[in-house]
Protein chains: 2
Amino acid sequence: MSEKKRTASTRGKPRTPAPSATTPATAPATGEGGGGGLSRRRLLTTGGAAGAVGLALGATGGAVGHAVAADSPAPLTGLGATAVPFHGVHQAGITDRAQAHGHLLAFDLLPGTDRRGAAALMRRWSQAAAAMTAGRSPDGDTQAALDAGPSSLTVTFGFGRSFLTAVGLADRVPEALEPLPAFADEELDRARSDGDLFVQVGADDALVAHNAVRVLRRLAAEAARPRWQMTGFNRSPGATARPMTARNLMGQIDGTNNPVPGEPGFDEAVFVPQGGEPAWMAGGSYVVVRRIRMLLDNWENLSVERQERVIGRRKSDGAPLSGGDERTPVDLGARGADGALAIAGDAHVRVAAPESNSGATMLRRGFSYADGLREDGAPDAGLLFVAWQADPRTAFTRVQLKLSRGDALSQFVRHEASALFAVPGGCDPDGYVGDRLLEG
Amino acid sequence: MSEKKRTASTRGKPRTPAPSATTPATAPATGEGGGGGLSRRRLLTTGGAAGAVGLALGATGGAVGHAVAADSPAPLTGLGATAVPFHGVHQAGITDRAQAHGHLLAFDLLPGTDRRGAAALMRRWSQAAAAMTAGRSPDGDTQAALDAGPSSLTVTFGFGRSFLTAVGLADRVPEALEPLPAFADEELDRARSDGDLFVQVGADDALVAHNAVRVLRRLAAEAARPRWQMTGFNRSPGATARPMTARNLMGQIDGTNNPVPGEPGFDEAVFVPQGGEPAWMAGGSYVVVRRIRMLLDNWENLSVERQERVIGRRKSDGAPLSGGDERTPVDLGARGADGALAIAGDAHVRVAAPESNSGATMLRRGFSYADGLREDGAPDAGLLFVAWQADPRTAFTRVQLKLSRGDALSQFVRHEASALFAVPGGCDPDGYVGDRLLEG
């Protein structure tokens, strides 16, 4: 099947609206016709989303009968039209905004898949990802996303240590890819840990995300089979007037201390530099994936005051208990009127802070998950923790060793699965992800 | 904890835009201050979504480095600001547009919960649902949705046959609530079937939906415990220029033949009439919930032509194989040039058609689901089938008996769980769902 153009195919650099409640945010991006090498620029004519602030219908208030469809579907807006380019110095899906829907998968190579077969797989996958992220129908399309725009779809590929061994490249295993140590409080399910190949799919539309997973599954064909798959979510674009405030399923504001792209030290913390080792990882990053179940029934039985003491931040607005607002730096030395530390000795923000971990910094970009009930009736829900860094030995591992020994939060979470992957830099349109490893 | 107003609280009748790709659709609804009895109307000043079609930033195209955040979060739009009223003649979540995220749950009463305890639970639940759907923080809030607008949240409650028996009201069991018969091809997991109480939660933001589930879980307290929970999704508003076209995970356009609210016969097909039997179900409906796993690996191995023959519609646009476009009525008698039936004898649309089932009509309003991998490596994914009707005996049951005997699609799906609930009409602000049953 050749690549066909989807309805409302677009391609272009996503816009970056200011995080202000009065800024229009879902404007249609400038589009580029995406089909077959065609690069004619055009403006989307689908109308985007609503216009004037004053455009509001009369509300009746009070009781209505729900006798008619109350809320028809919305046509294409920036949510659907936005495309995140697949090609580049780095892979997409790392510094981009985390989308509303995410799938994390690992694949294992099937017996008989050698370096050549792995290279062919990565080429098929990269070509399909490039098409889908631009809003085009890929080879092997299952067509579940046929009518949708790219919806900020990103596809990110990584290699496990076992992959390099399997394709005869054990001599190229990066030092940074050494297995994570065992941590004191983890209860890992090996069947949902590790894996040869990592795939992260994110999109603001669930069908677009799921279709991408199915396409990649089909293209894996006889070269690799799925090992595990996890599905998660983040807040939908447009759901809140405070879009920079992300809450996890515990209700706590999360990610405040994340490093910010463009600020000093960000690239050094997250990406392997050009000229770094090994050469095939230049522009790449290392990703730690952890399935962290939250004991929500227990957590929600705590008073808000006790929850705040466990975390070290106010629940309502994320301000550190040392004072200020969400963006105020945490003052680990601050004491209350009674002389006690404002932020407890075992508070999560203290134990996880860079100051407590020799400056260890990573970019957390995870998804919440809710997979129904466990056999014991407790919710199977929590955080798909996804952390990006230039070297996990001096970032995730350093922080997690500390957390596993003295974090008040640890009694309310269970680390159930874990994986570490080397995520190469991005590729050119003529190449594929991993080409510098597999062709070099 | 008293009810507190959330950021961007709104309340009002959602607008009903025409299903045209050029109609603005996510305009902010007119808001009503939602806190503490306050009913001051106000216009949201959050800007809604983007304005002019011409408002587009220059696209760079080609490779970019992803070195900066490519796509900041969007502030509040109609997606977050839209509120669907909880009170009314019918419950919400039936004729409204199916939201992007959905949770289906059953609870079982705990030993010792009598009619009085059940009534207290339904009052707590109804009050919390009324608050949350209006964008207010309910009693028992876990605060994971604290910064979000109501995001079209709906909460819908139903009663299983076992509920009526447990609270001493076996004499009020509706005839229409008789257990569904066994169907030929089902493989039901009883632990994920049936249940005393049904809760359907839907919202266009995943955290809003999940928080509502947690709040209801907390309020169940010692009266009821969760029996099963399933989580699903639909297309995000704004993801497509063809918003009326819903595809399932098989890639097939689904729901074309659904009855349309406001058209003749709709209310009679879906709702128990005023004056109907039993009196406590006036304005109510019966919901059939089925977890239908799709054998996607098998399905996707078929050619598109074979997939279309199984369904009876073209995959690309949903047009029946008897000709026309998606909205053209299916012509079951049409024959091709070779004299063969255009729509095969065992095609899904033929076997499920009202004409094949004495006019049986139901309103399907389901969610897709994707719960990772099964132990055999196949995807645990498919359809959370949710169908609404005035009497399942002459609607779902009639159709499913036929499907289970001769539907070509049946070899690609597995019915894994099943439940039937009586969903009473809506309540007044002073009442609660089920009050006419439990107080009567």
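Residues numbered from 1 in each chain as written. Chains lettered and ligands numbered in written order. Predicted model: local features only at pLDDT ≥ 70, side-chain atom pairs only at ≥ 80, totals over all residues. Heavy atoms only, no water.

By the naming in an unreviewed UniProt entry, chain A goes by Deferrochelatase and is assigned to Allostreptomyces psammosilenae. Checking UniProt for chain A, the heading Catalytic activity (unreviewed entry) contains the comment "heme b + 2 H(+) = protoporphyrin IX + Fe(2+)". (UniProt positions renumbered as here; feature names shortened; annotations may be inferred.)

J.: Looking at this structure, how should I read the overall build of chain A?
T.: Within chain A one finds 10 helices and 13 strands. The long-range fraction of contacts in chain A, counting pairs at least 24 apart against all pairs at least 6 apart in sequence, stands at 78%. Carbon and sulfur atoms provide 50% of the accessible area of chain A, an area that totals close to 15400 Å². (Helix = DSSP H or I, 4+ residues; strand = E, 2+ residues; numbered from the N terminus. Contact = heavy atoms within 4.5 Å. Areas by Shrake-Rupley, 256 points an atom, 1.4 Å probe, with all protein chains shown as cover.)

J.: Help me out: how do you make sense of the UniProt feature "domain: Dyp-type peroxidase C-terminal" (unreviewed entry) in chain A in this one?
T.: Here the UniProt feature "domain: Dyp-type peroxidase C-terminal" (unreviewed entry) sits at residues 245–427 of chain A. Secondary structure across residues 245–427 of chain A comprises 18% helix and 22% strand; the distance between its end C-alpha atoms is 32 Å.

J.: Help me understand the environment of V173 of chain A, please; the structure alone is not making it clear to me.
T.: All names here are of chain A. Looking at the secondary structure, you find V173 in the loop between α3 (161–166) and β7 (197–203). For the pair V173 and S162, spaced 11 residues apart in the sequence, the C-alpha separation amounts to 9.4 Å. Every residue in contact with V173, bar those within four places of it in the chain, is listed here: R161 and L164.

J.: Whenever I open this one, the pattern of salt bridges confuses me. Can you help?
T.: Opposite charge on two side chains permits them to pair, given that their charged atoms come into close proximity. Evaluated as defined, the whole model comprises 46 salt bridges over all chains. Between D380 of chain A and R291 of chain A there is a salt bridge; the shortest N-O distance is 3.5 Å. Linking D380 of chain A in strand β12 (residues 379–389) with R291 of chain A in strand β9 (residues 285–294), this pair joins segments that are 89 residues apart in sequence. Measuring nitrogen to oxygen at the nearest pair gives 2.6 Å for the salt bridge that ties D297 of chain A to R214 of chain B. One end of the pair, D297 of chain A, is in helix α6 (residues 296–299); the other, R214 of chain B, is in helix α4 (residues 206–220), on a second chain. A cluster of three or more residues bridged by salt bridges with shared partners is formed by D189, R192, R291, R293, D371, R374, D376, D380 and E416 of chain A. (Salt bridge = Lys/Arg side-chain N within 4 Å of Asp/Glu carboxyl O.)

J.: Can you walk me through the UniProt feature "domain: Dyp-type peroxidase N-terminal" (unreviewed entry) in chain A in this structure?
T.: UniProt feature "domain: Dyp-type peroxidase N-terminal" (unreviewed entry): in the numbering of this structure it lies at residues 91–234 of chain A. With 28% helix and 24% strand, residues 91–234 of chain A has its two end C-alpha atoms placed 20 Å apart.

J.: What exactly am I supposed to notice about helix α9 (residues 396–406) of chain B here?
T.: What sets the pattern is the α-helix's 3.6 residues per turn: residues three or four places apart point alike. Residue and element names in this part refer to chain B. Those residues of α9 not exposed but buried are F396, T397, V399, Q400, L403 and S404. The arc enclosing the buried residues of α9, seen along the axis, measures out at 160 degrees, which places them on a common side. Packed against the buried residues of α9 are β9 (285–294), α8 (348–352), β12 (379–389) and β13 (413–423). (Buried < 20%, exposed > 50% of the residue type's maximum accessible area, 1.4 Å probe, protein only. Arc of directions from axis to C-beta.)

J.: Got a minute to help me understand empty space enclosed by the protein in this structure?
T.: One simple way to see leftover space: roll a probe sized like a water molecule over the atoms. Taken as a whole and judged by the stated rule, the model has 10 cavities of 30 Å³ or more. Considered as a void within the structure, the largest cavity measures approximately 260 Å³ in volume. What lines the largest cavity is a set of 20 residues, and nearest its centre among them are T231 and F233 of chain A together with T231, G232 and F233 of chain B. Contributing elements (two or more residues each) for the lining of the largest cavity: β4 (101–109), α4 (206–220), β8 (224–233) and β11 (367–373) of chain A together with β4 (101–109), α4, β8 (224–233) and β11 (367–373) of chain B. For the lining of the largest cavity, the class distribution of residues is 8 nonpolar, 10 polar and 2 charged. (1 Å grid on protein atoms, 1.4 Å probe; cavity = no way out; pocket = protein on both sides within 12 Å on 5 of 7 lines; lining within 4 Å. Points joined across faces, edges and corners; volume = space filled by probe spheres on them. Nonpolar A, V, L, I, M, F, W, Y, C, P; charged D, E, K, R; others polar.)

J.: Would you mind going over the packing of helix α2 (residues 115–133) of chain B against α4 of chain B with me for this structure?
T.: All names here are of chain B. Following both chains from N to C, one finds α2 and α4 inclined at 155 degrees, their axes separated by 10 Å at the closest point. As judged from the angle between their axes, α2 and α4 are roughly antiparallel. In the crossing of α2 with α4, the sense of the turn from one axis to the other is right-handed. For the pair formed by α2 and α4, the contact residues are L121, R124, W125, A128 and M132 on the first element and A212, V215, L216, L219 and A220 on the second. (Axes fitted to C-alpha atoms, helices over the stretch in contact; angles between N-to-C directions. Parallel < 35°, antiparallel > 145°, perpendicular 65-115°, else oblique. Left-handed = near helix turned anticlockwise from the far one by under 90°.)

J.: Explain the packing of aromatic side chains here, please?
T.: Geometrically, a pair of aromatic rings is defined through the distance of the ring centres and the angle of the planes. Applying the stated rule across the entire model yields 18 aromatic pairs over all chains. Ring geometry for F183 of chain B against F396 of chain B: centres 5.8 Å apart, planes inclined by 85 degrees, an arrangement best described as edge-to-face. Of this pair, F183 of chain B sits in the loop between α3 (161–166) and β7 (197–203) while F396 of chain B sits in helix α9, placing them 213 residues apart in sequence. Overall, the relative accessible area of 4% leaves F183 of chain B in the buried class. Judged by centre distance (5.7 Å) and plane angle (50 degrees), the rings of F385 of chain B and F396 of chain B are tilted. Of the two residues, F385 of chain B sits in strand β12 while F396 of chain B sits in helix α9, which places them 11 residues apart along the sequence. The same class applies to F385 of chain B and to F396 of chain B, which are both buried. An aromatic cluster of three or more residues is present, and its members are F86, F107, W125 and F157 of chain A. One residue, R291 of chain A, lies across the ring of Y369 of chain A, its end atom 4.0 Å from the ring centre. (Phe/Tyr/Trp six-rings, centres within 6.5 Å; stacked < 30°, edge-to-face > 60°. Lys NZ or Arg CZ within 6 Å of the ring centre and 35° of its normal.)

J.: Explain the confidence of the model for chain A here, please?
T.: Detailed reading of the predicted model is not advised wherever pLDDT is low. Residues and elements named next belong to chain A. Across chain A, the average pLDDT comes to 85, with 83% of residues at 70 or higher. Contacts of residues 1–70 to residues separated by more than four positions or lying in other chains number 233 contacts, the stretch itself having pLDDT below 50. Predicted complex metrics record ipTM = 0.85 and pTM = 0.86. (pLDDT = per-residue confidence, 0-100.)

J.: Explain the side chain of R293 of chain B to me, please; I cannot follow it from the model alone.
T.: With respect to the element layout, R293 of chain B can be found in strand β9. Here E416 of chain B takes part through its side chain, which lies 2.5 Å from a polar atom of the side chain of R293 of chain B. (Polar contact = N/O pair within 3.5 Å; in protein donor to acceptor, adjacent residues only side chain to side chain.)

J.: I tried to follow unusual backbone geometry on my own but got confused; where do I start?
T.: Comment: phi is negative for the bulk of residues other than glycine, and the bulk of peptide bonds are trans. Here E277 of chain A and P278 of chain A are connected by a cis peptide whose omega angle stands at -15 degrees. Residue placement: P278 of chain A occurs in the loop between α5 (266–270) and β9. A positive phi angle is found at S151 of chain B, which is not glycine, with a value near 55 degrees. Along the chain, S151 of chain B turns up in the loop between β5 (136–137) and β6 (154–159). Phi is positive for S358 of chain B, which is not a glycine, with a value near 50 degrees. In this fold, S358 of chain B is placed in the loop between α8 and β10 (363–364).

J.: Would you explain the pairing of β9 of chain A in this entry?
T.: Regular strands place side chains that alternate from one sheet face to the opposite one. Residues and elements named next belong to chain A. Among the 10 residues in β9, 10 count as buried, and that is most of the element. Taken together, the 10 bridges between β9 and strand β13 (residues 413–423) define a ladder with antiparallel strand orientation. Pairing of V288 across the sheet is with L420, part of β13. (Pairing = 2+ DSSP bridges.)

J.: Explain the environment of G336 of chain B here, please?
T.: By the element assignment, G336 of chain B lies in the loop between α7 (304–311) and α8. The spacing of G336 of chain B and S322 of chain B is 14 residues in sequence and 8.2 Å in space, taken between C-alpha atoms.

J.: Would you explain helix α2 (residues 115–133) of chain A in this entry?
T.: All names here are of chain A. With 19 residues, α2 extends 26 Å between its outermost C-alpha atoms, agreeing within 8% with the 27 Å of an ideal straight helix rising 1.5 Å per residue. Taken residue by residue, α2 has A118, A119, L121, M122, W125, S126, A128, A129, A130, A131, M132 and T133 as its buried positions. Looking one or two places after α2, you find G135, whose phi comes out positive at around 90 degrees. (Expected span 1.5 Å × (residues − 1).)

J.: So what exactly am I meant to see when it comes to the pairing of strand β6 (residues 154–159) of chain A here?
T.: Residues and elements named next belong to chain A. Among the 6 residues in β6, 6 count as buried, and that is most of the element. Side chains of β6 alternate between two faces, with T154, T156 and G158 and V155, F157 and F159 buried alike. Sheet topology note: the β6/β7 ladder contains 6 bridges and is antiparallel. Residue pairing in the sheet places F159 in a bridge with L197 of β7.

J.: It is not clear to me how the environment of R124 of chain A should be interpreted in this structure. Could you clarify?
T.: Residues and elements named next belong to chain A. Looking at the element boundaries, R124 is found in helix α2. When the C-alpha positions of R124 and S303 are compared, they lie 52 Å apart, and in sequence the two are 179 residues distant. With near-sequence residues (within four places) excluded, R124 lies in contact with L219, A220 and A223.

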